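Chain by chain, the residues run as shown.
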Amino acid sequence: MTINTVLIERVKNSSEVLSAKLKNIADVVLLGCFEDFSSLNNNLEQIDLIIFDIKSDDSNETIEKIKEIQRKNSNILFIAVSYEINSELTAKILNTGVKDFLLKPVIDSVLEASIKKIKDAKNNINQALSNVISVFSNKGGCGKTSLAVNLAYEISEAEKDKKVCLLDLNYNSGDASTFLNLEPKYDIDYILSKFETSDEKLALSLLNNYKNSNLYVCSLNNNMSVASKLTVQNASKIINYLKNSFRWIIIDTSSIINETNVCVLYQSDLILYTGIQNMSSLRNSQKCFEMFNSIKFKDEKIKFIINRYTEKSEITTEDIERATSKKIFGKIPNNYLTLVDAINIGQPVGEINPQSNIANAYKKIAKEIINTDYTNLAKADNDFNHGIYNLLKRMGE
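Brief notes about the layout of surface pockets
Line of reasoning, step 1. Reported here for the second largest pocket is a volume of approximately 440 Å³.
Line of reasoning, step 2. Gly141, Cys142, Gly143, Lys144 and Arg308 are, among the 29 residues lining the second largest pocket, the residues nearest its centre.
Line of reasoning, step 3. Elements with a contribution of two residues or more to the lining of the second largest pocket: α5 (144-158), β12 (302-309), β13 (328-333), α14 (336-345) and α16 (357-370).
Line of reasoning, step 4. Residue composition of the lining of the second largest pocket, grouped by class: eleven nonpolar, 14 polar and four charged.

Topic: the sheet that holds β12
Pairing between sheet strands relies on hydrogen bonds along the backbone, with the strands arranged either parallel or antiparallel.
Line of reasoning, step 1. Taken in spatial order, the eight strands line up as β8-β9-β7-β10-β6-β11-β12-β13 in an open sheet, and their pairing is mixed. At either end of the open sheet lies a strand with only one pairing partner, and these are β8 (208-209) and β13.
Line of reasoning, step 2. Strand contacts of α5: β6 (131-136), β7 (164-168), β9 (215-218), β10 (248-252), β11 (270-275), β12 and β13, with the helix running at about 165° to β10, the strand carrying the most contacts.
Line of reasoning, step 3. Across the sheet, α16 touches β6, β10, β11, β12 and β13, and the angle it forms with β13 is around 155°.

Regarding the packing of helix α12 (residues 279-294) against helix α13 (residues 317-324)
Line of reasoning, step 1. Contact geometry of α12 with α13 gives a least axis separation of 9 Å together with a crossing angle of 35°. Once α12 is placed against α13, the crossing between them reads as right-handed. Residues Leu282, Ser285, Gln286 and Phe289 of α12 form the contact with α13, whose own contacting residues are Ile320, Ala323 and Thr324.
Line of reasoning, step 2. Here the contact of α12 with α13 is built from residues that sort into four nonpolar, three polar and no charged.

A look at the pattern of salt bridges
A side chain with one charge may pair with a side chain of the opposite charge, provided their charged atoms come close.
Line of reasoning, step 1. Counted under the stated rule, the structure contains 18 salt bridges.
Line of reasoning, step 2. Linking Lys162 and Glu159 is a salt bridge whose minimum nitrogen-to-oxygen distance equals 3.9 Å.
Line of reasoning, step 3. Judged by relative accessible area, Lys162 falls into the partly exposed class, the value being 24%.
Line of reasoning, step 4. With a shortest N-O distance of 2.6 Å, Asp319 and Arg322 are connected by a salt bridge.

Some points on the packing of helix α10 (residues 232-243) against helix α11 (residues 259-267)
To characterise two packed helices, one gives the angle between the axes of the helices and the distance between these axes.
Line of reasoning, step 1. Look at α10 against α11: their axes get within 9 Å of each other, and the N-to-C directions meet at 30°. One way to sum up the angle between α10 and α11 is to call them roughly parallel. Along this stretch, α10 crosses α11, giving a crossing that reads as right-handed. When α10 is examined against α11, the residues Val232, Ala235, Ser236, Ile239 and Asn240 are found in contact with a partner set consisting of Glu259, Thr260, Cys263, Val264 and Gln267.
Line of reasoning, step 2. Residues of the contact of α10 with α11, tallied by class, amount to five nonpolar, four polar and one charged.

Focus on helix α2 (residues 59-72)
Every α-helical turn comprises 3.6 residues, leaving residues that sit three or four positions apart pointing alike.
Line of reasoning, step 1. In this model, α2 (14 residues) spans 20 Å end to end at C-alpha, consistent with the 20 Å of a helix rising 1.5 Å per residue.
Line of reasoning, step 2. Looking at α2, one finds that the buried residues are Ser59, Thr62, Ile63, Ile66 and Ile69. Angular distribution of buried residues about the axis of α2 spans 120°; they occupy a single face of the element. Facing away from the buried surface of α2 by more than 90 degrees, the exposed residues are Asn60 and Arg71.
Line of reasoning, step 3. The elements touched by buried residues of α2 are β3 (49-53), β4 (77-82) and α3 (87-94).

Quick word on the pairing of β7
Line of reasoning, step 1. In terms of burial, β7 is a largely internal element, five of the five residues being buried.
Line of reasoning, step 2. Bridging between β7 and β10 involves five bridges; their strand directions are parallel. Within β10, the position partnered with Leu166 by the bridge is Ile250.

Examining the sheet that holds strand β1 (residues 3-8)
Line of reasoning, step 1. Here five strands make up an open sheet; going across it, the order is β2-β1-β3-β4-β5 and the pairing parallel. Pairing within the sheet leaves two strands with one partner each, and these edge strands are β2 (28-34) and β5 (100-103). Adjacent strand axes in the sheet meet at a mean angle of 20° when their direction is disregarded.
Line of reasoning, step 2. Here β4 pairs with β5 via four bridges, running parallel. Each bridged residue has a counterpart across the sheet, and for Ile79 the counterpart in β5 is Asp100.
Line of reasoning, step 3. Strand contacts of helix α1 (residues 12-23): β1, β2, β3 and β4, with the helix running at about 165° to β2, the strand carrying the most contacts.
Line of reasoning, step 4. Strand contacts of α3: β3, β4 and β5, with the helix running at about 145° to β5, the strand carrying the most contacts.

Examining the environment of Leu192
Line of reasoning, step 1. Here Leu192 lies in helix α7 (residues 188-194).
Line of reasoning, step 2. Note: C-alpha distance between Leu192 and Ile238 (46 residues apart in sequence) is 7.3 Å.
Line of reasoning, step 3. In this structure Leu192 touches Asn234, Lys237 and Ile238, once residues within four positions along its chain are discounted.

What counts as what
Residues numbered from 1 in each chain as written. Predicted model: local features only at pLDDT ≥ 70, side-chain atom pairs only at ≥ 80, totals over all residues. Heavy atoms only, no water. 1 Å grid on protein atoms, 1.4 Å probe; cavity = no way out; pocket = protein on both sides within 12 Å on 5 of 7 lines; lining within 4 Å. Points joined across faces, edges and corners; volume = space filled by probe spheres on them. Helix = DSSP H or I, 4+ residues; strand = E, 2+ residues; numbered from the N terminus. Nonpolar A, V, L, I, M, F, W, Y, C, P; charged D, E, K, R; others polar. Pairing = 2+ DSSP bridges. Contact = heavy atoms within 4.5 Å. Axes fitted to C-alpha atoms, helices over the stretch in contact; angles between N-to-C directions. Left-handed = near helix turned anticlockwise from the far one by under 90°. Salt bridge = Lys/Arg side-chain N within 4 Å of Asp/Glu carboxyl O. Buried < 20%, exposed > 50% of the residue type's maximum accessible area, 1.4 Å probe, protein only. Parallel < 35°, antiparallel > 145°, perpendicular 65-115°, else oblique. Expected span 1.5 Å × (residues − 1). Arc of directions from axis to C-beta.

Read these as spatial facts, not as claims about activity.
Listed below in structure tokens is the structure:
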């Protein structure tokens with residue numbers, strides 16, 4: 001992850017020395033050096049970090065300028081540098097939310113350590129802003145992949161200024177790339193090896209981009225080797241890495257109940273459970289909601305989607321809600337022909353037939369999700385053990 005940096009330094013010699021030091025630090029991009037804050041004007045959108053010089057005699061004025069910038073862009077972080085460091089000045093600056101206070105002349109190793117703090121803080125900001133939505137069913141053939149693909153597309157259309165990633169972790173029969181007429185670029189070993197860094201450009205280069213849009217697809221060349229390599233640690237690594245670059249991550253999960261899949265669901269902000277209107281699916285839904293309850297997933301985290309919905313079914317939505325004690329969040333009409341046409345062409349339904357009832361259903365679900373307040377969605381209890389033995393033990397209690 002690059003740190004777009006601006007330097008505010010009144011003394012030319014100090015500015016040149018500090019600029020040279022910053023250019024030698026990995027991931028730091030120096031956007032410019034200025035004598036005062038006024039030179040920034042309102043061009044704050046691309047800035048991650050401002051390093052500024054401060055003196056006691058003008059500290060109040062500097063602090064007011066920092067607060068003004070924070071009001072305009074709360075994601076910008078600050079490092080102060082000064083020849084004078086005293087307890088009063090330090091406390092005054094750090095109370096504004098400035099991340100570090102460095103003594104001039106700045107030592108290389110100290111500056112590097114301070115920049116690392118900024119990277120960690122920036123990662124935390126990005127990850128806090130990212131929302132992870134998993135599409136899940138404990139029974140195959142319920143339309144998980146079609147929901148994940150079309151939901152990712154509709155969110156990307158509604159949130160064009162934000163990056164969306166469709167992550168295919170359905171290693172048994174994942175077809176997310178096929179649904180969008182894409183060919184996975186790399187295998188899981190290569191992706192995991194590159195996910196050691198935090199370079200956003202590298203992350204995006206590993207993924208398939210859908211028609212130069214803000215929608216990206218991360219597929220792992222689904223085959224039997226992926227099943228053994230997609231461990232709890234690797235699944236967490238992939239999700240956390242993507243959270244640094246994407247505002248929205250939509251995951252097409254496997255239907256298997258195992259340690260890795262439970263870990264993926266645990267890391268999700270929202271779980272879209274998918275079922276259909278038949279007795280087999282209804283029984284599976286009952287069992288799955290009981291499992292979610294046994295491992296202490298909060299009810300508001302689980303949203304129930306009925307796929308291939310028809311009003312003529314003998315099993316009504318009222319029957320389903322009564323049997324599962326779960327309110328239905330969304331209904332996707334049984335428009336088989338439109339969906340199959342979209343899959344065969346390799347495009348989302350909303351692209352080939354935006355006025356269709358099924359496209360409108362995907363749009364409605366996407367809108368509901370975008371308008372969800374994720375800060376109030378509780379995850380599982382903190383003491384939850386990911387171990388599969390513990391999971392099965394809880395399910396049997």
